[in-house]
Every structure is written in structure tokens, then in C-alpha cells.
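Read off the chains here:
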Amino acid sequence: MQLRDQVIVITGSARGIGRAMALRFSREQPRALILVDRLADELSQAAVECGGEAVTADAASQGDVQSLVAGVLERHGQIDLFCSNAGILVEGGVETPAAEWDRAWEVNVKAHVYAAQTVLPHMLERGRGYLLQTVSAAGLLTSIGAAPYAVSKHAALGFAEWIAVTYGGRGIGVSCLCPAFVRTAMVDSVIGPMGAWMQETAIGAEEVAEAAVRGLGAERFLILPHPDVAEHFQRKASDYDRWLRGMRRLQDRVMGGLP
């Protein structure tokens, strides 16, 4: 998947990984770069910086996504790459209120569903198209202290797998961007021992964007900006029980603030 001369849509692009991707993708000289977010002011600034178009919309609203896609098709006639990047962190365990579980599900899972429902018919008609879904390493591993986040990210990965299996033979490419900790407002919002642990291995959003360009170029399903995520995923698959024991020890260490 080469980005030059392509029409690209990126949701959640006012800040963080989405903004970094927009800036990095702009260097590949796409035909059109459409930035989408609910944060209108920051979105407009990001669009100016990368020479793209700003569309204020909610990726977790089916109606907004339908209007977004219809507008892009009307202006540009095609969508080559749709990046479902919007996501939120919802912390807590089984006690987390239902409304918070719903919020995580709407943004971290159903936003991907709405994007696919809306853009796939167009891509299938053309016989080609690409979906980049920001999932997180939590979809492959887990997320200590954040059950709604871990569960919703697992579901997002499962949906991307299904799309790849079902439509991969019909010209549709799918990649999942699965970074671990990234220096964004999301990670910075976590305080205490957990936040300190996350910052230890956090990388910049620019590094994630660069990994996305390389991964798209190779058309890899899993794009892993943190190389050790692949190793942990392999360990999990080879001995699930051992991995669970190790994660319990890690949880005790991190939550206890131990070195």
C-alpha cells in the first residue's frame, strides 16, 4: 500500500497518533488527506500543518461516519485508505459502570464497524481499498487495570481479522496498528505507579506513524511499533498458563509500585 496519490481518511487525528500519522502521511504526497475528529479547533490546526482537509465528526456515530464518507466520495470520487484511529482509555475492572463499558465499546469497537459498513461497499465495487485500524498491543496481550480497554481492543482485533479473512481475496487490505505505550494525552492521563511504569517504555507518536508507513508498504496485518510485543504475543500463544502467571506477577509489581 503506497500512499502517494491516494485519498486517505484518518479519524481521531486532532492529536496523538492520528495527528502524527497525518503529518507523516502528508510527506508521501497523497492526493487528498482528510482529518476527522470531534475536537474542531485542534483538528483545524492539524489540517493546516499537514495540508489536509478538516471534517468535524464523531467516529463513534454511525450517522457522522456515513456523512463523512459520502462527502469524501462526492469531493474526491474514491477512498483508498480509511484509518480508523479514534480510541479511548477506560480504566477499571469488573466494577466499572455499564455506561463506561458502553463508551469503550462504542469508540474502540463500533467505530471500526461503522467505518467498515460505510466504506467497504465503495471499495468492493472498485475492487480495491485498504483499512488501517489502530487497535493497541492490548488487543494482543491485555491491559493491567483497564478491563474495558483490554476487552474492547481484543474485540477490535477480532473484527479486523474477520474483515481480512472475508474480503482479503476481493482486493481489500487490512492492517492493525498495535503499539504498546505511546507518549500521548492518553498515557499522560494515567498517574501513580501505573503511569510511571507506562512511561518507562513509551515511545513518541512520530515513531508509531513511521511504523505505520512501513507496515502499510509491506501490507502486514500486524504493525508492531514496539518489537517486544511480538515476542510477548508468541510467549502467550506457546504457553498461555505460564504467560498468565507472569502477568499476575507483573501486575503485583506495577500496582505495588515496586522497581
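Source: prediction; values computed, not measured.

**Description of the packing of aromatic side chains**
Piece 1. Counted under the stated rule, the structure contains 2 aromatic pairs.
Piece 2. For the ring pair Trp162 and Tyr167, a centre distance of 6.1 Å and an interplane angle of 80° mean the geometry is edge-to-face.
Piece 3. By relative accessible area, Trp162 is classed as partly exposed at 47%.
Piece 4. Using a relative accessible area of 17% as the deciding quantity, one classes Tyr167 as buried.
Piece 5. With a centroid separation of 6.0 Å and an interplanar angle of 80°, the aromatic rings of Tyr240 and Trp243 are classed as edge-to-face. In this pair, Tyr240 and Trp243 are both assigned in helix H10 (residues 240–255), 3 residues apart and thus about one turn of the helix distant.

**Thoughts on the pattern of salt bridges**
Piece 1. With the rule as written, the count across this model stands at 10 salt bridges.
Piece 2. Glu49 is paired through a salt bridge with Arg19; the nearest N and O atoms lie 2.8 Å apart. Taken together, the residues Glu49 in helix H2 (residues 40–50) and Arg19 in helix H1 (residues 16–26) connect sequence positions 30 residues apart.
Piece 3. Ionic pairing is found between Glu100 and Arg103, a salt bridge with its closest N-O pair at 3.0 Å.

**A word on a positive patch on the surface**
Piece 1. There is a patch of like positive charges on the surface, built from Arg242, Arg245, Arg248 and Arg249.
Piece 2. Structurally, the position occupied by Arg245 is in helix H10.

**A look at H10**
Residue pairs spaced three or four apart in an α-helix point in one direction, given the helix's 3.6 residues per turn.
Piece 1. If you check H10, its first and last C-alpha atoms are 22 Å apart, about what 16 residues at 1.5 Å a residue would give, namely 22 Å.
Piece 2. Regarding H10, the residues found buried are Trp243, Met247, Leu250 and Val254. Projected down its long axis, H10 carries its buried residues within an arc of 60°, all on one side. Of the residues in H10, the exposed ones pointing more than 90 degrees away from the buried face are Asp241, Arg242, Arg249 and Asp252.

**A closer look at the sheet that holds strand S6 (residues 172–177)**
Piece 1. What the 7 strands build is an open sheet, ordered S3-S2-S1-S4-S5-S6-S7; its pairing is parallel. Lying at the two open borders of the sheet, with one neighbouring strand each, are strand S3 (53–56) and strand S7 (222–223).
Piece 2. The pairing of strand S1 (residues 7–11) with strand S4 (residues 81–84) spans 3 bridges and is classified as parallel. Paired with Val9 across the two strands is Phe82, which belongs to S4.
Piece 3. Docked against the sheet, helix H3 (residues 62–76) engages S1, strand S2 (32–37), S3 and S4, running at close to 160° with respect to S2.
Piece 4. In this fold helix H5 (residues 147–167) packs onto strand S5 (129–134), S6 and S7, with an angle of close to 160° to the strand it touches most, S6.

**A look at the pairing of S4**
Piece 1. Going residue by residue along S4, you find Leu81 and Cys83 tucked away on one face and Phe82 and Ser84 tucked away on the opposite face as well.
Piece 2. The sheet contact formed by S4 and S5 spans 4 bridges and is parallel. Opposite Ser84, over in S5, you have Gln133 as the bridge partner.
Piece 3. Crossover handedness for the path S4 to helix H4 (residues 98–126) to S5: right-handed.

**Quick notes on the side chain of Asp80**
Piece 1. For Asp80, the location among the structural elements is in the loop between H3 and S4.
Piece 2. At 2.9 Å, the side chain of Asp80 forms a polar contact with the side chain of Gln78.
Piece 3. Within the structure, the side chain of Asp80 is placed 3.4 Å from the side chain of Arg128, a separation counted as a polar contact.
Piece 4. Look past the residues within four positions of Asp80 in its chain and what remains in contact with it is Met1, Asp5, Gln6, Val7, Met123, Arg126, Arg128, Gly129 and Tyr130.

**Some thoughts on the nonpolar core**
Piece 1. Counting 45 residues, the largest nonpolar core has Val9, Ile34, Leu68, Ile79 and Phe82 as the members making the most contacts within it.
Piece 2. Secondary-structure elements contributing two or more residues to this core are S1, S2, H3, H4, H5, S6, helix H7 (192–201) and H10.
Piece 3. For Leu68, the contacting residues outside a window of four places in its chain are Val9, Ile34, Val36, Val55 and Phe82.
Piece 4. Core analysis: the next-biggest nonpolar cluster, separate from the first, contains 31 residues, Met1, Leu43, Tyr130 and Ile203 among them.

What counts and what doesn't
- The residue count restarts for each chain, going from 1 along the sequence in the order it is written.
- Only residues with pLDDT of at least 70 are given local features in this predicted model, and only at 80 or more are side-chain atom pairs given and counted; all residues enter the totals for whole chains, interfaces and linings.
- Values shown for side chains rest on all heavy atoms present in the structure; no hydrogens or waters enter the calculation.
- Two aromatic rings, drawn from Phe, Tyr or Trp (for Trp, its six-membered ring), form a pair once their centres lie within 6.5 Å of each other, and the interplanar angle then sorts them: stacked below 30 degrees, edge-to-face above 60, tilted otherwise.
- The rule is simple: take the accessible area with a 1.4 Å probe, protein chains only, and divide by the maximum for that residue type; under 20% is buried, over 50% is exposed, in between is partly exposed.
- Runs of E in the DSSP output that reach at least two residues are strands. Runs of H or I that reach at least four are helices, and both are numbered from the N terminus.
- By definition, a salt bridge exists where a carboxyl oxygen of Asp or Glu is found within 4 Å of a side-chain nitrogen of Lys or Arg.
- Residues forming no salt bridge and having over 30% relative accessible area are the ones grouped into patches, like charges within 9 Å of each other and nonpolar side chains (Val, Leu, Ile, Met, Phe, Trp, Tyr) within 5 Å.
- Values of accessible area rely on a 1.4 Å probe in the Shrake-Rupley scheme; residue burial ignores everything except the protein chains shown.
- In this charge count, Lys and Arg are treated as positive and Asp and Glu as negative; neither His nor the chain ends contribute.
- A charge is said to be at NZ when it belongs to Lys, at CZ for Arg, at CG for Asp and at CD for Glu.
- Here the expected length of a helix is defined as 1.5 Å per residue gap, with one fewer gap than residues.
- Comment: arc refers to directions from the helix axis out to C-beta atoms.
- Only strands joined by at least two bridges in the DSSP assignment are considered to pair.
- Contacts are assigned to residue pairs with any non-hydrogen atoms lying within 4.5 Å of each other.
- For helices, the fitted line uses only the C-alpha atoms of the stretch in contact; every axis is such a line through C-alpha atoms, and the angle between N-to-C directions lies from 0 to 180 degrees.
- We call a crossover right-handed when, viewed with the strands running away from us, the connection from the first strand over the helix to the second turns clockwise.
- Here a polar contact is recorded for every N or O atom pair within 3.5 Å, except that within protein the pair must consist of a potential hydrogen donor and a potential acceptor, and residues adjacent in sequence are included only if both atoms are side-chain atoms.
- What we call a nonpolar core is a set of buried Ala, Val, Leu, Ile, Met, Phe, Trp, Tyr and Cys residues that are connected through their side-chain atoms within 4.5 Å.

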